[in-house]
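Per-entry structural report
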Amino acid sequence: MPEEPQNSMDELIKTKLNFIEDVTQRADEVQKTVLSEILSTNAHVEYLQRFGLNGSTDPETYKKLIPLVNYEDILPYITRIANGDTSPVLCSQPISEFLTSSGTSGGERKVTPTIEEELDRRSLLYSLLLPVMSQFVAGLENGKGMYFLFIKSESRTPGGLPARPVLTSYYNSSHFQNRPFDPYTNYTSPNETILCSNSYQSLYCQMLCGLIQNEQVLRVGAVFASGFIRAIKFLEKHWSLLCHDIRTGELNPLVTDTLVRESVIGIVKPNPKLADFIEFECRKDSWEGIIIRLWPNTKYIDVIVTGAMSQYIPTLDYYSNGLPLVCTMYASSECYFGVNLNPLCKPSEVAYTLIPTMCYYEFLPVQRDNGFSNSFCNNQQNQDLVDLVDVKLGQEYEIVITTYAGLYRYRVGDILKVVGFKNKAPQFSFVCRKNVILSIDTDKTDEVELFEAVKKSVETHLIPSGSHLTEYTSYADTSTIPGHYILFWELSHSTIPTITILQKCCLAVEESLSNVYRHNRVLEAVGPLEIKIVENGTFDKLMDYAISLGASINQYKTPRCVKFAPTVELLNSCVVFSCFSPKCPKWTSLGLTQWSNGD
């Protein structure tokens, strides 16, 4: 990748920052233009004609005639396109491919059609990241990024179109492979290592290249925090092999991919001094601060640590000695949305500014059920969706999008909270995915509430006992009467806490769940919560299994609730110990006499 003159780079950064300033200042005008472009371009598609839009492009007519939809509503249209229907069903432009979801958001692996020009919009959002970061971190153009990026082998629809994760699509495109010089995408990993479909060979070579260029690395990262930690765990397991390659200047014969070998051999040179240094650091009893020890010039870690990924913050802090954790952008398989304009903020303060040119946004106000539960409800009959510029500070919304690729008033399933504004464009924090919940009776527990309950239990009882939780998921077991919640926990130490400690953990989780849950426990509508300790490596098996079924290694996130029977069977096969909550949690009758069932 040729180097770009500094004055040219400065002009590029200025242009991009001016773009952000302009579109956020004119957010309402830009949004109306975007909707008009989408509807005029797609005026004759079957879906819009079905509802009698008749070429109208104004927001009022559009909202009156076109219904709010979820994935299941448009699945028949998607199926037709996947089966080879090339008529303008959803979009006037040819469908170029299908993008698959991670398979762990909402419990389903969804596929949505896309068009070639969407790559331009994704590239635009990526191009904003360096200009934003350059305002906070100087000198990024003087080094490289060590990012662990991966593709997944694509499948084909019956009609012959590719079906693959959005990042696999992007990495396989000319937009990525022939990208112009950009310090933000100047990686230690050759493209060939990223494009290798063998995840072991890909990760091995990306780690090797990152170690060899350790002095040039200014930032490290992956897509999700869990993926980056998996890379560090890989290093912990394979550092001796990597050191051998660095010491001898010869690439491990386990790397058999021809293109990968050719791209890496030019980087691997004999360097016994570096190999000795890496071996010395990796042999130490503690891996605390291993990132800044091996990559001493690292300025920050670029990973997603919002939502369910926030549980990895302590682990990242441990490995990095508290380096800044940067969340740069907000995107989904359906559309890319926005950027974090204050990237060095605390993870709990991450807010994304939605870029008005990406799609047409609407927002459905949501409330917590009964005011105290973390389950969400809305009343579409009594309230209208609001536009991008009309959202209210502090209100939570479900995001609804209309895209150039043929999604109309589509409910993405993300819950966002308005926390500020950039000019006239709102800034949102990510709250959670909607409907990722546990439920036995009238209780409804979402991933945020479960995370907070687990966190409190771990901090109060597990950590003081000397054990640490590394991963968890949950399951609503209705095979028992009454049904009950099961938590599968993987611990960092082989020593299992005493049954007394685990019972306290069970009860602490229940005490932290909603009033409805605790009431159902008192009424015996829900049975005692159960914690099952699984053997080390269980959640690696879970990820491998998900990937074998088609999930993307880039997009994989540990599911916080499992329902798929083979997944539950896998977890149960790895259980080494379990226990139940010893008694009912305290319950207070809201608005009535406060009482509990005793200690």
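Residues numbered from 1 in each chain as written. Predicted model: local features only at pLDDT ≥ 70, side-chain atom pairs only at ≥ 80, totals over all residues. Heavy atoms only, no water.

1. Overview of the overall build of the protein chain
- In terms of regular secondary structure, the protein chain is built from 21 helices and 24 strands.
- Rg of the C-alpha trace for the protein chain: 25 Å, near the compact-globule value of 25 Å for 599 residues, within the 12% margin.
- Considered along the principal axes of its C-alpha atoms, the protein chain spans approximately 70 × 70 × 45 Å.
- Going through the 599 residues of the protein chain one by one, you find that 56% of them count as buried.
- The contacts in the protein chain between residues at least 6 apart in sequence include a share of 69% that link residues at least 24 apart.
- For the protein chain, the separation between the mean place of its 52 positive charges and that of its 67 negative charges on side chains is 2 Å. (Helix = DSSP H or I, 4+ residues; strand = E, 2+ residues; numbered from the N terminus. Rg over C-alpha atoms; globule rule 2.2 N^0.38 Å. Buried < 20%, exposed > 50% of the residue type's maximum accessible area, 1.4 Å probe, protein only. Contact = heavy atoms within 4.5 Å. Lys, Arg positive; Asp, Glu negative; His and termini not counted. Charge placed at Lys NZ, Arg CZ, Asp CG, Glu CD.)

2. A few points about the sheet that holds strand 3 (residues 144-147)
- Here we have 4 strands laid out as an open sheet, ordered 3-6-7-8, and parallel in their pairing. Looking at the sheet topology across the chains shown, the edges are occupied by strand 3 and strand 8 (325-326).
- Both strand 3 and strand 6 (residues 217-224) contribute to a ladder of 4 bridges, which runs parallel. Across the sheet, residue methionine 146 finds its bridge partner in strand 6, namely valine 220.
- Contacting strand 6 and strand 7 (300-304), helix 12 (residues 225-248) runs over the sheet at an angle of about 120° to strand 6. (Pairing = 2+ DSSP bridges. Axes fitted to C-alpha atoms, helices over the stretch in contact; angles between N-to-C directions.)

3. A few points about the environment of glutamine 201
- Mapped onto the elements of the fold, glutamine 201 is located in helix 11 (residues 199-212).
- By relative accessible area, glutamine 201 is classed as buried at 7%.
- In this structure, the C-alpha to C-alpha distance between glutamine 201 and phenylalanine 51, residues 150 residues apart in sequence, is 51 Å.
- Among all residues touching glutamine 201, those that are not within four sequence positions of it are Cys196, Leu254, Val255, Thr256 and Asp257.
- One polar contact links the side chain of glutamine 201 to the main-chain amide nitrogen of aspartate 257, over a distance of 3.0 Å. (Polar contact = N/O pair within 3.5 Å; in protein donor to acceptor, adjacent residues only side chain to side chain.)

4. Considerations on the packing of aromatic side chains
- Evaluation of the coordinates by the stated rule reveals 22 aromatic pairs.
- Aromatic pair tyrosine 171 and phenylalanine 176: ring centres 5.0 Å apart, planes at 55°, arrangement tilted. For the pair tyrosine 171 and phenylalanine 176, one class covers both residues: buried.
- Here arginine 560 stacks its cationic end above the ring of tyrosine 472, 4.5 Å away from the centre of that ring. (Phe/Tyr/Trp six-rings, centres within 6.5 Å; stacked < 30°, edge-to-face > 60°. Lys NZ or Arg CZ within 6 Å of the ring centre and 35° of its normal.)

5. Things to note about the packing of helix 17 (residues 447-462) against helix 18 (residues 499-512)
- Contact pair helix 17 / helix 18: the axes reach a minimum separation of 8 Å and the direction vectors enclose 145°. Two packed elements cross with a definite hand, and for helix 17 against helix 18 that hand is right-handed. Every residue of helix 18 that contacts helix 17 at Glu449, Ala453, Val454, Lys456, Ser457, His461 and Leu462 is listed here: Ile501, Lys504, Cys505, Ala508, Val509 and Ser512. (Left-handed = near helix turned anticlockwise from the far one by under 90°.)

6. Some remarks on the nonpolar core
- Phe228, Ile291, Phe337, Tyr361 and Ile399 are the most contacted members of the largest nonpolar core, which has 141 residues in total.
- The element best represented in this core is helix 12, accounting for 11 residues.
- Within the second largest apolar cluster, 27 residues are counted, among which are Leu438, Ala453, Val454 and Tyr485. (Core = buried A, V, L, I, M, F, W, Y, C linked by side-chain atoms within 4.5 Å.)

7. A word on helix 19 (residues 515-522)
- Along helix 19, the residues classified as buried are Asn515, Tyr517, Arg518, Asn520 and Arg521.
- Capping the start of helix 19, serine 514 holds a side-chain oxygen 3.1 Å from the backbone nitrogen of tyrosine 517, two or three residues further along.

8. Some remarks on the pattern of salt bridges
- Using the criterion set out here, one finds 24 salt bridges in the structure.
- Measuring nitrogen to oxygen at the nearest pair gives 3.4 Å for the salt bridge that ties aspartate 544 to arginine 230. Here the residue aspartate 544 occupies a position in helix 20 (residues 538-548), and arginine 230 occupies one in helix 12, the gap between them amounting to 314 residues.
- Ionic contacts of the salt-bridge type, sharing partners, join the residues Glu97, Glu154, Arg156 and Arg164 into one network. (Salt bridge = Lys/Arg side-chain N within 4 Å of Asp/Glu carboxyl O.)

9. Observations concerning the sheet that holds strand 23 (residues 530-534)
- The mixed open sheet is built from 4 strands, whose spatial order is 21-22-23-24. Each end of this open sheet is capped by a strand with a single partner; those strands are strand 21 (469-477) and strand 24 (575-580). For this sheet the average axis-to-axis angle between neighbouring strands, irrespective of direction, equals 20°.
- Pairing of strand 21 with strand 22 (residues 484-491) involves 8 bridges; the strand directions are antiparallel. The residue of strand 22 that forms the bridge with serine 474 is leucine 487.

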